[in-house]
Amino acid sequence: MRALSLVAAGWVMVAGCGVASGAQLYEGFWASTRRDCTDRDSANRMSIEGGNRLYWYETRCRAGEIKPDGDRAWKMRLSCEGEGEKFKSNPRVSIATDGRLVIDNGPVGQAKRQTYVRCELPRKR
């Protein structure tokens, strides 16, 4: 599984999980459920890393344009690859008041809206 990210200014605390200074609000490792966080084979996990890259189980996208769309929300234009195909997507990404990541009109999934919980990864020793 690879990681992904989007661009927003600043850093905040999300649902009791600290986000490091300099990291973007939506950056991190996400899954549909807490159980999916620990299941390495789950297709319901995704990550956001490095400004404009989003990665799912078999799909990866790069944001060419990211614009604020209200408080803790962004609209973006994505160029994606997955399962041997290239395609475009124009999702709205937001952080809900409960700290969940919400993607409307996203590039993956059957539903028009995907909701993810933040996964806490064990720290390397």
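Calculation criteria
Residues numbered from 1 in each chain as written. Predicted model: local features only at pLDDT ≥ 70, side-chain atom pairs only at ≥ 80, totals over all residues. Heavy atoms only, no water. Salt bridge = Lys/Arg side-chain N within 4 Å of Asp/Glu carboxyl O. Buried < 20%, exposed > 50% of the residue type's maximum accessible area, 1.4 Å probe, protein only. Helix = DSSP H or I, 4+ residues; strand = E, 2+ residues; numbered from the N terminus. Polar contact = N/O pair within 3.5 Å; in protein donor to acceptor, adjacent residues only side chain to side chain. Core = buried A, V, L, I, M, F, W, Y, C linked by side-chain atoms within 4.5 Å. Contact = heavy atoms within 4.5 Å. Disulfide = S-S within 2.5 Å. 1 Å grid on protein atoms, 1.4 Å probe; cavity = no way out; pocket = protein on both sides within 12 Å on 5 of 7 lines; lining within 4 Å. Points joined across faces, edges and corners; volume = space filled by probe spheres on them. Nonpolar A, V, L, I, M, F, W, Y, C, P; charged D, E, K, R; others polar.

Visitor: Residue-level account of the pattern of salt bridges, with values.
Guide: By the definition in use, this model includes six salt bridges. Across the pair lysine 67 and glutamate 65 runs a salt bridge whose closest N-O atoms are separated by 3.2 Å. Since its relative accessible area comes to 30%, glutamate 65 is described here as partly exposed. Aspartate 69 is the salt-bridge partner of arginine 92, the closest N and O atoms lying 2.5 Å from each other. Of this pair, arginine 92 sits in strand 7 (residues 92-95) while aspartate 69 sits in the loop between strand 4 (59-68) and strand 5 (73-82), and the two are 23 residues apart along the sequence.

Visitor: Could you give an account of the environment of glutamate 27, with specific residues and numbers?
Guide: For glutamate 27, the location among the structural elements is in the segment before strand 1 (28-31). On a C-alpha basis, the gap between glutamate 27 and arginine 53 in space is 9.7 Å, while along the polypeptide they are 26 residues apart. Engagement of the side chain of glutamate 27 in a polar contact is seen with the backbone nitrogen of glycine 50, the distance being 3.5 Å.

Visitor: Give a detailed account of the nonpolar core, specifying residues and quantitative values.
Guide: In terms of nonpolar packing, the biggest core is built from 19 residues, with Met46, Trp56, Leu101 and Tyr116 touching the most fellow members. Put simply, the parts of the chain that give this core at least two residues each are strand 2 (45-49), strand 4, strand 5, strand 7 and strand 8 (101-104). Top element by residues in this core is strand 5. It accounts for four residues. The residues touching leucine 101, leaving out its near neighbours within four places in the chain, are Tyr26, Trp30, Met46, Ile48, Val93, Ser94, Ile95, Gln114, Thr115 and Tyr116.

Visitor: An account of the state of the cysteines is requested, with residue identities and associated values reported.
Guide: One pass over the full model with this rule turns up two disulfides. Covalently, cysteine 37 is tied to cysteine 119 through a disulfide, its sulfur atoms 2.0 Å apart. On the sign convention where negative is left-handed, the bridge of cysteine 37 and cysteine 119, at about -80° about the S-S bond, is left-handed. Of this pair, cysteine 37 sits in helix 1 (residues 34-38) while cysteine 119 sits in the segment after strand 9 (113-118), and the two are 82 residues apart along the sequence. Take cysteine 37 and cysteine 119: they sit in the same class, and that class is buried.

Visitor: So what about unusual backbone geometry? Which residues, and what values?
Guide: In this structure, arginine 72 takes a positive phi of about 60° despite not being glycine. Its location among the elements puts arginine 72 in the loop between strand 4 and strand 5. Overall, arginine 72 belongs to the partly exposed group, its relative accessible area being 27%. A positive phi angle, near 60°, is found at asparagine 105, a position not held by glycine. Position of asparagine 105 among the secondary structure elements: in the loop between strand 8 and strand 9. Relative accessible area serves as the criterion here: at 40%, asparagine 105 is assigned to the partly exposed category.

Visitor: Explain the layout of surface pockets to me, using residue names and the numbers behind them.
Guide: Approximately 260 Å³ is the volume found for the second largest pocket. Surrounding the second largest pocket, 17 residues form its lining, Ala43, Trp56, Tyr57, Val108 and Gly109 being those nearest its centre. Ranked by residues supplied to the lining of the second largest pocket, first place goes to strand 9 with three residues. Residues belonging to the lining of the second largest pocket are distributed by class as follows: seven nonpolar, seven polar and three charged.

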